[in-house]
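Residue-level structural notes
Chain residues, written in single-letter form:
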Amino acid sequence: MAEVKLENVYKIYAGEVTAVKDFSLDIRHGEFLVLVGPSGCGKSTTLRMIAGLEEISKGTIKIGDRVVNDVPPKDRDIAMVFQNYALYPHMTVYNNMAFGLKLRKFKKAEIDKRVRYAAETLELEDYLDRRPKALSGGQRQRVAMGRAIVREPSVFLFDEPLSNLDAKMRVEMRKGILRLHKSLATTMIYVTHDQVEAMTLGDRICVMNGGIIEQVGEPTEVFDNPESLFVARFIGTPPMNLFEGKLVDESGKLVFVGGSLHAPVAERQYDAVKHMVGKNICLGLRPKSFYLKSEVHENDMVELLGTVEVRELLGDEILAHMESGDFKYTVSLDPHSKVDLSGTVELCLDMERAHIFDSESGRNLTMPK
C-alpha cells in the first residue's frame, strides 16, 4: 500500500491550455478514491500524470515517500487498467496476465503462483487457456485487471474501465471491483464520468470541473451537502432542483421569492444567509424533498402548484417532471399513491432540507459547519 499525494499540480499544454489547475489532494493508504466529472474536466489527465504517462507542468506528485515527477511509469510501482482492455489477441488469458512478469525476468514458479492467485480472485480459473476473442467484454476486463494484480503494485489506477460494458455487466463489475479492493486492501484511484459508479465505488469522491477540484468527500456527504451549484447539478440522478430568485426580509422573516414560489427559509439557516438579503440566490431541493399535499399532515409546509409534464415509473418511485410557471423541476413520489398525476398536482416542499446558493459565486451558503 502507499499514500499518493498531489501538491499544486498543473498540466498546461501548448498554447497555454490549462487542463489541470492547482490540483492538491492526499489519497490515503488503502483508500478507494474516485475522480468524477464531465468529459474534459481533467480527471483522466490527472490519472495519467500519477501514472507517469503525462508530464506535469508544475507541482509535485508523491507515491509513498518518493517524489515521482521524473520517475518512469515502470518504476512507479503502479498498475493501470484501461478502458479498452489492451489485451494481446494471440495470447491466452494465462499468458496475457503473465507477460509483464516474464519481461521483468520473474521465475516461472513465481509467475504461475501470481497468475493463478489473480485468476482465482477474479473467477477466471476456467478461462486461462482461452484467447480474448472467446471472452465476453466483462471477462476481458477481468483479464486486464488480473494483469494489473499480478504486478502486486502499491497503487492501482483505473481509467473508465467499465464504459464499454452494458448496464447489467457494469453492475456486476462494480461488485467485482469492490470485492477486489476489500481483498487486496490496496490504494485505488478510479476515473469515471458516471456519477453512479463514483457513488457506489468510492470511499471518497473528488468532483472535478474545468481542471479544478469542486469538492472532495464521502459519497453521502457530497450528495447531501454539495459545496457548489456545479456539484448540485452533477451529483444525483436526477440532479438537485434549483430555483432562481431573491432573498427577502419580510418583517424579520427571511423568505425566498422567485416566480410562483414563496418559501420561508429554515430558521437554523438565518445566520448563514442573512447577508444575502436583496441579492440573487438559488434554492436547491432534492427530488425526495417534495411531497403530495394530500399525504402531508403538517400545516406549515410550503405549498407549490405544479403541472406534471412527464412521469417515469421506476418500480420503487415515480419521477414526475413538473412545471410551475418558469420553473421546471423533478420530484420523487410514491408509486402507490392514489393521487391522479396526469395534470395539476398540489405539492409541499420541505425547507428544512433546502440548500441556498449564492447565484454569483455558486457556493453553498448553508454547508454544515
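Use the structure listed above.
What counts as what
Each residue is numbered by its place in its chain's sequence as written, counting from 1. Residues qualify for local features only when their pLDDT is at least 70, as the model is predicted, and side-chain atom pairs are given and counted only at 80 or more; totals for whole chains, interfaces and linings, by contrast, use all residues. The side-chain figures draw on all heavy atoms in the structure; neither hydrogens nor water molecules are used. Runs of E in the DSSP output that reach at least two residues are strands. Runs of H or I that reach at least four are helices, and both are numbered from the N terminus. Per-residue accessibility, obtained with a 1.4 Å probe over protein chains only, is compared with the maximum for each type, and a residue is labelled buried under 20%, exposed over 50%, and partly exposed between these values. Here, two residues are considered to be in contact whenever any of their heavy atoms come within 4.5 Å of each other. Areas reported here follow the Shrake-Rupley algorithm with a probe of radius 1.4 Å; residue values treat only the protein chains shown as occluding. Note that His is not counted, nor are the chain ends; the positive residues are Lys and Arg, and the negative ones are Asp and Glu. Charge positions come from single atoms, namely NZ of Lys, CZ of Arg, CG of Asp or CD of Glu. A pair of strands counts as paired when DSSP detects no fewer than two bridges linking them. Here the axes come from fitting lines to C-alpha atoms, over the contacting stretch only for helices, and the angles between their N-to-C directions go from 0 to 180 degrees. Salt bridges are defined as contacts in which a side-chain nitrogen from Lys or Arg sits within 4 Å of a carboxyl oxygen from Asp or Glu. Put plainly, a pocket is an open set of points on a 1 Å grid over the protein atoms alone with protein on both sides within 12 Å along at least five of seven lines, a cavity is a set where a 1.4 Å probe fits but cannot get out, and a lining residue has an atom within 4 Å of a point. Grid points are joined across faces, edges and corners, and a volume is the space filled by probe spheres set on the points. For this scheme, ten residues count as nonpolar: Ala, Val, Leu, Ile, Met, Phe, Trp, Tyr, Cys and Pro. Four count as charged, namely Asp, Glu, Lys and Arg, and the remainder, Gly too, count as polar. Our angle categories are set so that under 35 degrees counts as roughly parallel, over 145 as roughly antiparallel, 65 to 115 as roughly perpendicular, and the remainder as oblique. Crossing handedness is defined as follows: a turn of the near helix away from the far one that is anticlockwise and smaller than a right angle gives a left-handed crossing, while the clockwise case is right-handed. Put simply, a nonpolar core is a bunch of buried Ala, Val, Leu, Ile, Met, Phe, Trp, Tyr and Cys residues held in one set by side-chain atoms that sit within 4.5 Å of each other. Here a polar contact means two N or O atoms within 3.5 Å. Within protein one must be a hydrogen donor candidate and the other an acceptor candidate, and residues neighboring in sequence count only if both atoms are side-chain atoms.

Here we look at the overall build of the protein
- Each helix and strand counted, the protein has nine helices and 20 strands in total.
- For the protein, the spread of C-alpha atoms along the three principal axes comes to 80 × 50 × 35 Å.
- Looking at the protein as a whole, 50% of its 369 residues are labelled buried.
- Partitioning the intrachain contacts of the protein with sequence separation of at least 6 by distance along the chain shows that 65% fall at a separation of at least 24.
- When the accessible area of the protein is evaluated, it comes to approximately 18,300 Å², of which 48% is carbon and sulfur surface.
- Both charge centroids of the protein, one from 48 positive and one from 54 negative side chains, sit 10 Å from each other.

Section: the sheet that holds strand β17 (residues 318-324)
- Pairing within the open sheet is antiparallel, and its five strands lie in the order β15-β19-β16-β17-β18. Strands with a single pairing partner mark the edges of an open sheet, and in this sheet they are β15 (290-292) and β18 (327-333). Ignoring which end each strand starts from, the neighbouring axes of this sheet average 50° apart.
- Bridging between strand β16 (residues 302-313) and strand β19 (residues 344-349) involves six bridges; their strand directions are antiparallel. Residue pairing for β19: E303 is matched across the bridge by C348.

Here we look at helix α1 (residues 43-51)
- The element α1 is largely enclosed, with a buried count of seven among its nine residues.
- Within α1, the full set of buried residues consists of K43, T45, T46, L47, M49, I50 and A51.
- Where α1 terminates, the next one or two residues include G52, which has phi positive at roughly 90°.

Let's talk about the pairing of strand β11 (residues 241-250)
- Pairing between β11 and strand β14 (residues 280-285): six bridges, direction antiparallel. Counterpart to N241 in the pairing with β14 is L285.
- Pairing of β11 with strand β12 (residues 253-258), which is carried by five bridges, proceeds in the antiparallel orientation. When the bridges of β12 are listed, D249 appears paired with L254.
- The antiparallel pairing of β11 with β12 creates a hairpin that spans two residues between the two strands, and S251 there sits at a positive phi of about 55°.

Thoughts on the pattern of salt bridges
- In this structure the tally under the stated criterion is 19 salt bridges.
- Between R116 and D112 there is a salt bridge, and its shortest N-O distance comes to 3.0 Å. Within this pair, R116 and its partner D112 are both found in helix α3 (residues 108-121), separated by four residues, close to a single helical turn.
- The exposure class of R116 is partly exposed, given its relative accessible area of 44%.
- Relative accessible area serves as the criterion here: at 28%, D112 is assigned to the partly exposed category.
- A cluster of three or more residues bridged by salt bridges with shared partners is formed by K11, R48 and E54.

Comments concerning the pairing of strand β10 (residues 212-217)
- As paired elements, strand β9 (residues 204-209) and β10 share five bridges and run antiparallel to each other. The partner of M208 across the bridge, within β10, is I213.
- Remark: two residues form the turn of the hairpin made by β9 and β10, two consecutive strands paired antiparallel; G210 in that turn has positive phi of roughly 60°.

Remarks on the layout of surface pockets
- Its volume calculated, the largest pocket comes out at about 490 Å³.
- Lining of the largest pocket is provided by 22 residues; of these, A79, M80, F82, R147 and R151 occupy positions nearest its centre.
- Elements with a minimum of two residues in the lining of the largest pocket: β6 (78-81), α2 (93-103) and α4 (137-149).
- In terms of residues, the lining of the largest pocket owes the most to one element, α2, which gives six residues.
- Grouping the amino acids of the lining of the largest pocket by side-chain chemistry returns 16 nonpolar, two polar and four charged.

A few points about the packing of α4 against helix α5 (residues 167-184)
- Axis separation between α4 and α5 bottoms out at 11 Å; the angle between their running directions is 20°. When the axis of α4 is compared with that of α5, the two are roughly parallel. For the element pair α4 and α5, the recorded crossing hand is right-handed. Within the contact between the two elements, α4 uses G138, Q141, R142, M145 and I149 and α5 uses M169, M173, I177, L180 and L184.

Topic: the nonpolar core
- Core analysis: the biggest nonpolar cluster contains 45 residues, and V34, M97, V115, M145, F156, Y190 and V207 have the highest contact counts within it.
- Discounting chain neighbours no more than four positions away, the residues touching F156 are A79, A148, I149, L184, T186, T187, M188 and I189.

Some points on the environment of D358
- If you trace the backbone, D358 turns up in strand β20 (residues 355-358).
- When its relative accessible area of 15% is taken as the criterion, D358 is described as buried.
- Separated by 171 residues in sequence, D358 and T187 place their C-alpha atoms 36 Å apart.
- If we ignore the near neighbours within four places in the chain, the residues touching D358 are L229, M276, N280, R363 and L365.
- Within the structure, D358 has its side chain in polar contact with the backbone nitrogen of E360 (distance 2.9 Å).
- Side chain to side chain, D358 and S361 meet in a polar contact 3.4 Å long.

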